[in-house]
Amino acid sequence: AQKITQTQPGMFVQEKEAVTLDCTYDTSDQSYGLFWYKQPSSGEMIFLIYQGSYDEQNATEGRYSLNFQKARKSANLVISASQLGDSAMYFCAVQPMGGGADGLTFGKGTHLIIQP
Amino acid sequence: DTGVSQNPRHKITKRGQNVTFRCDPISEHNRLYWYRQTLGQGPEFLTYFQNEAQLEKSRLLSDRFSAERPKGSFSTLEIQRTEQGDSAMYLCASSSSAVPWGTEAFFGQGTRLTVV
C-alpha cells in the first residue's frame, strides 16, 4: 500500500522567489518512483519531474528539482524563480517500480498562487 | 496525434441515468488508466488496461462501473444508475511499456460529471 501526505493546502509566493512544496510518502515497496504533477484550472495533469527510489542524485528538469531524502521518506518539489504561470494545484504521487497494474497514488495537493 | 483525448469534457445527468465516457490514448501507448478526482482531492486510481486486457480494478470501482478497451485502442467508462456521489472529474492517462519507466504518463483533460 502507498500513501502520500502533502501538508500545505495552499501557498502564496511572490513572483521570482523560489518555492518548496512538501511531500512525504509511505510505501511497502522496495522499488518505487516519485512523481510531481501540475494541474492548472483547465484540469489536465501535467507531468513535471520523476525520481526513482534507487537514483542517488536528485532529479532536475529546468526550473524544477526534486529534493529526495529517502531516509526521511520525503520528496519535496523546488521551483526556482517562480512565474505567474506556475499558479496551479501541485500533486505528489508514488508508484511501484515498473508501473503497470499499480496506478499512481496521489496526495491531496497544494494550491500554489504566485503573486506579482 | 496531440495527446490523450477525452469526451465529453462536461456531462450533467440526472440521478439514476447511465453515462458513458470515452478516452482516446496516444496511439502507440499500450497502457491506459482511469482515475477519479473529487473536489479537493488528488486523483484516485480506478482501473488499468494493458492493450485490451483489464488487469487491475480498484475497490472504488463498484459494480455500477464498467470499463472496456476493445482492440486495445480507445477506452470507455460507463456508470450505470448514477448517484450524486459519482460527481467528479474522470481522468484518463496513457503510457507505453516500451519506453523506460518513469517517463511520464500522459493525462487527458478529463470529463467532469455532475449528477443532479
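Provided above is the structure to which this section pertains.
A brief look at the structure comes next. This structure is a prediction, so every number in the text was calculated from the model and none was measured.

Conventions and cut-offs
Residues numbered from 1 in each chain as written. Chains lettered and ligands numbered in written order. Predicted model: local features only at pLDDT ≥ 70, side-chain atom pairs only at ≥ 80, totals over all residues. Heavy atoms only, no water. Salt bridge = Lys/Arg side-chain N within 4 Å of Asp/Glu carboxyl O. Helix = DSSP H or I, 4+ residues; strand = E, 2+ residues; numbered from the N terminus. Buried < 20%, exposed > 50% of the residue type's maximum accessible area, 1.4 Å probe, protein only. Contact = heavy atoms within 4.5 Å. Buried area = accessible area lost by both parts, 1.4 Å probe. Polar contact = N/O pair within 3.5 Å; in protein donor to acceptor, adjacent residues only side chain to side chain. Nonpolar A, V, L, I, M, F, W, Y, C, P; charged D, E, K, R; others polar.

Side note on the pattern of salt bridges
In a structure, side chains of opposite charge can pair up when their charged atoms sit close to one another.
No. 1: Scanning all chains against the criterion turns up five salt bridges over all chains.
No. 2: In this structure, K73 of chain A and D26 of chain A form a salt bridge, with 3.3 Å as the shortest nitrogen-oxygen distance. Remark: D26 of chain A occurs in strand β4 (residues 24–27) and K73 of chain A occurs in the loop between β8 (64–69) and β9 (74–79); sequence separation between them is 47 residues.
No. 3: Given a relative accessible area of 43%, D26 of chain A falls into the partly exposed group.
No. 4: Among the ionic contacts, a cluster of salt bridges with common partners joins R64, E83 and D86 of chain B.

Some words on the interface of chain B and chain A
No. 1: Counting residues at the interface gives 21 residues for chain B and 24 residues for chain A.
No. 2: Interface of chain B and chain A: buried area, both sides summed, is about 1,800 Å²; carbon and sulfur atoms make up 58% of it.
No. 3: At the junction of chain B and chain A, the tally comes to three residue pairs in polar contact (both at pLDDT 80 or more).
No. 4: Contributions of two or more residues to the side of chain B that touches chain A are made by β4 (31–37), β5 (44–50) and β9 (88–95) of chain B.
No. 5: Element by element, the count of residues in the side of chain B that touches chain A is highest for β4 of chain B, at four residues.
No. 6: By residue class, the composition of the side of chain B that touches chain A is ten nonpolar, seven polar and four charged.

No statement about biological role is implied by the geometric values presented.
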